[in-house]
Amino acid sequence: MAQMCKVAYVYGLVQGVGFRYNTQIKATALGLNGYARNLDDGSVEVLACGEAQQVEALIDWLQQGGPRSARVDRVLVEPRGEQALQGFTIRY
């Protein structure tokens, strides 16, 4: 199976609504490694590494709006080189 990493920048009402926590739960359920962190511009950065199909499933979930409490306006996705990460964490 192909391993890959992608970073997604999620814009909209995504801070202060449990977005990182819910993303962590979803990513962990998909068996992904990576992190979610708030950025100073009000967006959330999500790095996801793992099986290509699972990474794409998380990206799809983000693009569909993530948790119910959030409002996602747009998601920018870029490939990222392999990262040596264990588990999916919330970064501060």
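Residues numbered from 1 in each chain as written. Predicted model: local features only at pLDDT ≥ 70, side-chain atom pairs only at ≥ 80, totals over all residues. Heavy atoms only, no water.

Under an unreviewed UniProt entry, the protein has the name Acylphosphatase and belongs to Serratia rubidaea. Note on the protein: under the UniProt heading Sequence similarities (unreviewed entry), the record states "Belongs to the acylphosphatase family." Recorded in UniProt under Catalytic activity (unreviewed entry), the annotation for the protein is "an acyl phosphate + H2O = a carboxylate + phosphate + H(+)". (UniProt positions renumbered as here; feature names shortened; annotations may be inferred.)

Caption draft 1: The pairing of strand β1 (residues 3–13), seen in detail. With eight bridges connecting them, β1 and strand β3 (residues 44–51) associate as antiparallel partners. In the sheet register, Val 10 faces β3, and the bridge partner there is Val 44. Here β1 pairs with strand β4 (residues 71–80) via nine bridges, running antiparallel. Residue Val 10 lies in a different strand from β4, and its bridge partner there is Val 75. (Pairing = 2+ DSSP bridges. Helix = DSSP H or I, 4+ residues; strand = E, 2+ residues; numbered from the N terminus.)

Caption draft 2: Seen up close, the UniProt feature "domain: Acylphosphatase-like" (unreviewed entry) in the protein. Mapped onto the present numbering, the UniProt feature "domain: Acylphosphatase-like" (unreviewed entry) falls at residues 5–92. Secondary structure content for residues 5–92 is 26% helix and 42% strand, while the C-alpha to C-alpha distance between its ends is 20 Å.

Caption draft 3: View of the sheet that holds β1. Read across the open sheet, the five strands follow the order β4-β1-β3-β2-β5; overall the sheet is mixed. In the strand order of this sheet, the two ends are held by β4 and β5 (88–91), each with one partner. Each strand axis lies, on average, 20° off the axis of its neighbour in the sheet, ignoring direction. Along the sheet, helix α1 (residues 19–29) contacts β1, β2 (33–38), β3, β4 and β5; its crossing angle with β5, the most-contacted strand, is approximately 170°. In the packing of helix α2 (residues 52–63) onto the sheet, contacts are made with β1, β3 and β4, and the angle to β3 comes to roughly 155°. (Axes fitted to C-alpha atoms, helices over the stretch in contact; angles between N-to-C directions. Contact = heavy atoms within 4.5 Å.)

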